[in-house]
Every structure is written in structure tokens, then in C-alpha cells.
Amino acid sequence: MQTISADYIYVGNGTVLKNYAIQYDEKGTIKALLTPKEYTERNIKPIFYPGALCPGFINAHCHLELSHLKGKIHKHLGLNTFLDALIPLQKYPPSEQEIAQAILEMAKQGIVAIGDISNTKHSFRIKEKLSTIHIHTFIESFGLHPDKAQERFFQALTLFHELKSEHKSITPHAPYSVSQPLLKDILDYACGERHILSYHLLESDTERTLFEKKQGKMYERLLEWFGDLSFFEPQTNNPVQEWITHFPFDPAFPKSMLHVLFVHNTYLNEAELRMILEHFEKPYFVFCPNANLYIENRLPDVEMFLKYKVKICIGTDSLASNDELSILSEMRTLQDHFPSIDLNQLISWATLNGAEALYIEDKFGSIEVNKQPGILWLKDTTTHLTKHSVIQRIV
Ligand SMILES: [Zn+2]
């Protein structure tokens, strides 16, 4: 049994304990949280870590299969030009070594679990082999031409069955990349099986213009890609409304069972946020601030999300749109741009909220008895992240 203490213990669930001690066994299972009085009376001398301790981080959104694309695409191109640059690069698959290295790098940065998007099986073997971190794989499907819907859905289903893991879901990519029949196929299947969904939403405002006016940069890009967009006939004129229209809400089981991770939300406005909150009981809003700055040079309206007290998670996205896979770095970006967010709040976004979203809060996300969340030492950190704050993994 090991006993450790710090100036501040950020539990992950919103509680901050000053000078408490954590007891854990050789497997990293938390056995007790002791007050200073309790450990002094029992004559226990904890190992003291100046600064703060917190649970292991959950990276709610990444793409391991893009781990070979670091520095390959210029910054601030905007989503459409970024995608035009990305698509040809995806023809070259990553090596297993590059994927393994990304996983090990994340573990070194204190990440204990990830929500990882797969469009191919490039990462499957490594994921099955490496048990360094917990991985939930989102098998992501896309295809804007309705004629291809069945083919695309079966491709996703085949991949889904090929991955030897129970932590997996089928999910649609984004409003601008999935046809109505494909969206229906995916959602019917995934909601029926109670899969966790992950959906790239409003990473660019051209998504909204595409639905609203059938104009703008995304419309032009798709028109160039397909030659003709007469098949693109959304039922509504807003990407969020469209998603809700096609969502198979089923009164037979509670909405709270459905976890939907809305990823990016860079241009989500208040009316759209309210629309989501009206229809979903468990929406999780995943921010990937460094990737948003990399691609669009803009961040979501974080203060708007705070006003509605929604569940926020943090992701790194991939190395195609980020210089590193570090949740600490994402937290620092958020703190620098939104100084009103306190560290305790940021830590709960980076830990328990992500664990809940991925249904792994029984084990991860908070320093509570019987969990094995991992424990991180935030050096040079008390109530704010500083430029000297670094992570050291204790457990
Ligand atoms: Zn993504």
C-alpha cells in the first residue's frame, strides 16, 4: 500500500482536497482518502508531492490512424482547404510503429483512456496488442452520395465486427459528409445497440451555409468533388436540425442511455445549442482547442456552454491538426483564452466528464475508492496552470 499527498488533490468530480492523502494498492486501486488528522493519528507519513494531484486524463477525441501526418498540413487553412490537403495524404497509411508511438506518447502525457475514430482498420492490430491505455473505437462512416449508402454502411459494419474489442461503436462523421439514407442506417443500428455516438459538428461555419443556402466554400468544394450536387436535398436548412430530424428517438428506452459526443462545436450558436439540449439528455460537448486553432484559428464560444452548464470533455484530435497529443496543452489553451475557467473545472472536463461519456466512470475519471483512475502529479501547479506546469504519472 502506498500513501501520497499534495498541496491540492483535484478529485475529478469537482471536489478539491487540501493536504489530504491518497492510499492505493499495487494495482493502483484507490483504497482510501485520508484527512491530515487521520493520517497523522495513524502515524502514516505520506510521500508529499508539491503542487497538485489529479486523475488520469481522458482524451475524448482523437484519430490514431492519422498519427503519421504531423506537420504535413499548413496551419490556418480553414476546414475545406484542410480536408482537400488531408484526403490525398490518407492514401498513405500510417505504420504500426507510428500508431504505437502516438499511444505511448499519450500515456506519457497522463492520458489513460481515449475515444478514437477509425475509418479504416490501420490501427486495429496495435489497439488489440497494446493495453497501455483504454481505447473506445468509433468506427466512423461517411458518404454523401445516397446511392452509396448501403455499401458504406456495410463497410462500417464489417470493420465493426473485425475489431476484437468490446469497446466500440458505429457512428456517422459529420453533417456535410453523410447522406440521409446512410445517416438513417447508422443511427437505426447504433441507437438500437445503444452505441455511444461521436459526431463532428460545426467545425466550420461553411457547414451552416451549405444547409442554409446551398452556397459557400463547402458547397463549392463538394460540387467540385462530385461534379453535381442535385442529390443533396437535406430536409431542413440547418445541420443541427437535420441531425435531430433523422435521430430515431425511441420512447421505449430512456434518452439518458444515449450518449452523444458532439465534437468541435467551433461555430455552434446559442439557438443550436438549445436545440440539442431540448432533444438529448446526455449530450457531451468535446472541445479540441488546439486543433480548432490549427485549422480555423478560432475557438468555440466556451462561455456560452458554461452558461448552460453542459458536460464538456476535451480531445486532442489527431497529429494532422495538432503539434502534440496532450490534454494538458489543450487545458492550457482553454485557460489562456478563457481565464474565467478555473483549474478544478478544467480538470473535471479532462477526467470525469470524458470517462462518463465513454461509459468508463466505474474505473476512470476520479480519485475515488475502488477506482483505478491513474494518478497524475501536476508539478508547479496549485490553482492555475503555469507555463512550467508539467505532468508526471505517479500511478
Ligand atoms: Zn476528428
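Counting restarts for each chain: residues are numbered from 1 in the order of the written sequence. Whole-chain, interface and lining totals are the exception, using all residues; otherwise, since this is a predicted model, local features are given only for residues with pLDDT of at least 70 and side-chain atom pairs are given and counted only at 80 or more. Side-chain metrics in this entry use all non-hydrogen atoms of the structure; hydrogen atoms and water are not considered.

1. Some words on the sheet that holds strand β7 (residues 111–118)
Here is step 1 of the chain: The sheet built from four strands is open, its strands ordered β6-β7-β8-β9 with parallel pairing. Each edge of the open sheet carries a strand with a single partner, namely β6 (57–62) and β9 (168–172). The average undirected angle you get between the axes of adjacent strands in this sheet is 20 degrees.
Here is step 2 of the chain: By the convention used here, strands pair only if DSSP detects at least 2 bridges between them. Counting from the N terminus, the helices are DSSP H or I runs at least four residues long and the strands are E runs at least two residues long. Two strands pair when backbone bridges link them, and strand β8 (residues 134–141) and β9 are joined in this way by five bridges, in the parallel orientation. Paired with Glu 140 across the bridge in β9 is Thr 171.
Here is step 3 of the chain: Whether two residues are in contact is decided by their heavy atoms, any of which lying within 4.5 Å being enough. Only C-alpha atoms enter the line fits that serve as axes; for helices the fit covers just the stretch in contact. Angles between N-to-C directions range over 0 to 180 degrees. Seen against the sheet, helix α13 (residues 327–337) touches β6 and β7 and runs at an angle of roughly 85 degrees to β6.

2. Topic: the layout of surface pockets
Here is step 1 of the chain: Both site types are read off a 1 Å grid over the protein atoms alone. A 1.4 Å probe that fits but cannot get out defines a cavity, while an open set with protein on both sides within 12 Å along at least five of seven lines defines a pocket; lining residues have an atom within 4 Å of a point. Grid points are joined across faces, edges and corners, and a volume is the space filled by probe spheres set on the points. Roughly 1,000 Å³ of internal volume is contained in the largest pocket.
Here is step 2 of the chain: Around the largest pocket, the lining is made up of 41 residues, and of these Ile 87, Gln 90, Asn 119, Phe 142 and His 173 lie nearest the centre.
Here is step 3 of the chain: Those elements that place two or more of their residues in the lining of the largest pocket are α2 (79–89), β8, α5 (149–162) and α8 (216–226).
Here is step 4 of the chain: Ranked by residues supplied to the lining of the largest pocket, first place goes to α2 with five residues.
Here is step 5 of the chain: Classes in brief: Ala, Val, Leu, Ile, Met, Phe, Trp, Tyr, Cys and Pro nonpolar; Asp, Glu, Lys and Arg charged; the others, Gly included, polar. Looking at the lining of the largest pocket residue by residue, the class counts come to 18 nonpolar, 16 polar and seven charged.
Here is step 6 of the chain: Of all the elements in the fold, those that place two or more residues in the lining of the second largest pocket are α4 (124–129) and β8.
Here is step 7 of the chain: Among the elements that make up the lining of the second largest pocket, the one with the highest residue count is β8 (three residues).
Here is step 8 of the chain: Here the residues of the lining of the second largest pocket sort into eight nonpolar, nine polar and six charged.

3. Describing the environment of Ser 179
Here is step 1 of the chain: If you trace the backbone, Ser 179 turns up in the loop between β9 and α6 (180–192).
Here is step 2 of the chain: In this structure, Ser 179 is in contact with Gly 143, Leu 144, His 145, Pro 146 and Ala 149, ignoring residues within four places of it in sequence.

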